[in-house]
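Listed below are the residues making up each chain.
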Amino acid sequence: MKAVLKTIAYLSLILLVSFSASAKDEAKGEKGDPVNTSEEINDYILHHVKDSHDFHLFDYFSDGEKHAVGFPLPVMLWGENGFSAFMSSAFHHDDEGTVVVEKGGSNFVKYHGKIYELNANATTVSFDEEKHPTNASAPFDLSITKSVFGIILIGLLMLLWFGGLARQYKKKAVPTGFGRILEPLVLYVRDEIAKPNIGPKYRKFTGYLMTVFFFIWILNLMGLTPFGFNVTGQLAVTAALALITLVVYLFSSNRHFWSHQLWMPGVPYILRPLLAVIELAGTLIIKPFSLMVRLFANITAGHIVVMSLIAIGMTMQDQMSVVGSTILSFLLSLFITLIEVLVAFLQAYIFTMLSALFIGMAVEEPEHH
Amino acid sequence: MEQLLDNFSLDLFVKQTILFLVLIFLMVKFAWKPILNALNDREEGIKDALDAAENAKLEMQNLQADNNKLLQEARAERETMMKDAREIKAKMIADAKEEAQAEANKTIANAQATIISEKKAAIADIKAQVANLSVEIAEKVVKQELSNKDKQLDLVATMLNDAKLN
């Protein structure tokens, strides 16, 4: 159902953009016209997969002017002059560093998704060849960005849903309504992920695993809606998740685990130091790194592929006519979106399952021979 | 790699870490702990109920077996009792018969003895009477003989006839 709704939404987006594109054919490639050239589409896609300070839903054009539809999010910064907060609408959707916002004695500009604080005597920002600002510093950004907004939204949603399920159990043994959908999912994570991978000590870690599983899954699915969330496709988010898994399994590891890490029994003594290095690298770096990159890459790639296929509707218009390219892009993006629904679950499952596996390896008790 | 690092936002990393830790804490406290406890309780309840049902079934089977055993025992007891009763009845009848026979024999024997003794007494009595009669006849004969010989003979004949009638 969700996939169908989303596909309809994508379809309307495609139609909207392609009709406006054909109407404004003569203005191709100009600033302020619809996104319709390959470069613009590339920029648009890369911009989408990044975090952003405002919530942008879509653009429309009237009288050759671009109007962005969305809503601003609060910007909170800790810079040279302390804390300052304002709404992101103060930048007027500018992302090139031209609009300067003055707040609490500091001047802020936004450039490519990042907010910079201008040095005391500067009035405009200037860049070096690598597009790093030369006369501005980056304040610590506490803003509720789009990703943070998504994280908080999903957090509240999870608390609402599962807290509601928990309250239902106080009154009755079998939940009703939406709880009937949630309960099998909870049981699935407990019985198929936590129990088989961790073993008898599963109970202590089930809370973490369930939080991770539902957090990633729901955010992955949210990313497939046309609202433009790409939270689990943010490297910072997956890094934080992987780091927490690392901390969890390091802090729960027992003697048996470390004795196998540092002095592997059953192999020649000369190989043991070498194996210890490999094992340590695996435990401390490779495992969390693979967790981080797998989720990030899968979700980001999915977003880029879906958006690229939608873009076929615009880029192939010359070769295939408006109708042909729209139908082609619709069919392809429908297909890939259905796969992405599967990937959304699969990546949540893999992340949780591997976390459980790593924890299971760390808490495993020596076998009694 | 450089673009990857460029995409990495330390601010977002810090925010995500803090928010996610808070989320884990809240979810564990308000959702996972009560949910898992409730699920565990429910599963244990179901397991207990199943065990209890199984036990009840076994008990029922035991009871039924016991009942059958009792029934069979009762039946066997009844059989033996009936058999005993029949035996006793047969024995009593046999005994009674035997006793009656013995009694009858005794009675018959007594009767025979009495008959014999009576007979003897009768014979003795007859003998005595015959003797008396003989004596009387002899007396009378002797008396008559003395008077008339013919009459004496008649008398003897009459006397003998009388004796025969007696």
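None of the values given here were measured: they were computed from a predicted structure. (Residues numbered from 1 in each chain as written. Chains lettered and ligands numbered in written order. Predicted model: local features only at pLDDT ≥ 70, side-chain atom pairs only at ≥ 80, totals over all residues. Heavy atoms only, no water.)

## Points about the overall build of chain B
Thinking step 1. On a plain count of helices and strands, chain B comes out with 3 helices and 0 strands.
Thinking step 2. Its C-alpha radius of gyration of 64 Å places chain B more than 25% over the 15 Å reference for a compact globule of 166 residues.
Thinking step 3. Counting across all 166 residues of chain B, residues that qualify as buried make up 13%.
Thinking step 4. Here chain B has roughly 13300 Å² of accessible surface; of this, 60% comes from carbon and sulfur atoms.
Thinking step 5. For chain B, the separation between the mean place of its 23 positive charges and that of its 28 negative charges on side chains is 10 Å. (Helix = DSSP H or I, 4+ residues; strand = E, 2+ residues; numbered from the N terminus. Rg over C-alpha atoms; globule rule 2.2 N^0.38 Å. Buried < 20%, exposed > 50% of the residue type's maximum accessible area, 1.4 Å probe, protein only. Areas by Shrake-Rupley, 256 points an atom, 1.4 Å probe, with all protein chains shown as cover. Lys, Arg positive; Asp, Glu negative; His and termini not counted. Charge placed at Lys NZ, Arg CZ, Asp CG, Glu CD.)

## What about the interface of chain B and chain A?
Thinking step 1. Taken together, the contact between chain B and chain A spans 33 residues of the former and 48 residues of the latter.
Thinking step 2. Between chain B and chain A, a total of about 3600 Å² is buried, with carbon and sulfur atoms accounting for 74% of that surface.
Thinking step 3. By the criterion of area lost to chain A, the three top residues of chain B are Leu-12, Phe-20 and Trp-32 of chain B, representing 18% of everything that side buries.
Thinking step 4. At the junction of chain B and chain A, the tally comes to 2 salt bridges.
Thinking step 5. Two residues, Glu-183 of chain A and Arg-42 of chain B, come together in a salt bridge whose shortest N-O distance is 2.9 Å.
Thinking step 6. With 28 residues, helix H2 (residues 10-145) of chain B is the single largest residue contributor to the side of chain B that touches chain A.
Thinking step 7. Of the residues belonging to the side of chain B that touches chain A, the class tally is 21 nonpolar, 6 polar and 6 charged. (Contact = heavy atoms within 4.5 Å. Buried area = accessible area lost by both parts, 1.4 Å probe. Salt bridge = Lys/Arg side-chain N within 4 Å of Asp/Glu carboxyl O. Nonpolar A, V, L, I, M, F, W, Y, C, P; charged D, E, K, R; others polar.)

## Some remarks on empty space enclosed by the protein
Residue and element names in this part refer to chain A.
Thinking step 1. With the rule as written, the count across this model stands at 1 cavity of 30 Å³ or more.
Thinking step 2. Of the volumes computed, that of the largest cavity is approximately 50 Å³.
Thinking step 3. Looking at the lining of the largest cavity, the elements with two or more residues in it are helix H5 (202-224), helix H8 (272-315) and helix H9 (317-363).
Thinking step 4. For the lining of the largest cavity, the class distribution of residues is 4 nonpolar, 2 polar and 1 charged. (1 Å grid on protein atoms, 1.4 Å probe; cavity = no way out; pocket = protein on both sides within 12 Å on 5 of 7 lines; lining within 4 Å. Points joined across faces, edges and corners; volume = space filled by probe spheres on them.)

## Details of the domain arrangement of chain A
Thinking step 1. Taken domain by domain, chain A consists of domain 1 (74-141) and domain 2 (146-363).
Thinking step 2. Distance between the C-alpha centres of domain 1 of chain A and domain 2 of chain A: 34 Å. (Domains from an automatic or database assignment.)

## Here's the deal with the side chain of Ser-253 of chain A
All names here are of chain A.
Thinking step 1. Within the secondary structure layout, Ser-253 lies in the loop between helix H6 (235-252) and helix H7 (255-262).
Thinking step 2. Within the local environment of Ser-253, its side chain forms a polar contact with the side chain of Trp-258, the two groups lying 2.8 Å apart.
Thinking step 3. When near neighbours in sequence (up to four residues on either side) are disregarded, Ser-253 contacts Trp-258 and Ala-362. (Polar contact = N/O pair within 3.5 Å; in protein donor to acceptor, adjacent residues only side chain to side chain.)

## Looking at the sheet that holds strand E7 (residues 114-118) of chain A
Thinking step 1. Across the sheet, 4 strands lie side by side as E5-E6-E7-E8 (chain A); this open sheet has antiparallel pairing. Strands with a single pairing partner mark the edges of an open sheet, and in this sheet they are strand E5 (101-103) and strand E8 (136-137) of chain A. (Pairing = 2+ DSSP bridges.)

## Concerning a negative patch on the surface
Residues and elements named next belong to chain B.
Thinking step 1. Together, Asp-41, Glu-44, Asp-48, Asp-51 and Glu-54 give the surface a local cluster of negative charge.
Thinking step 2. In this fold, Asp-48 is placed in helix H2.
Thinking step 3. Of the residues examined, Asp-48 reaches a relative accessible area of 48% and is grouped as partly exposed. (Patch = residues over 30% accessible without salt bridge, like charges linked within 9 Å, V, L, I, M, F, W, Y side chains within 5 Å.)

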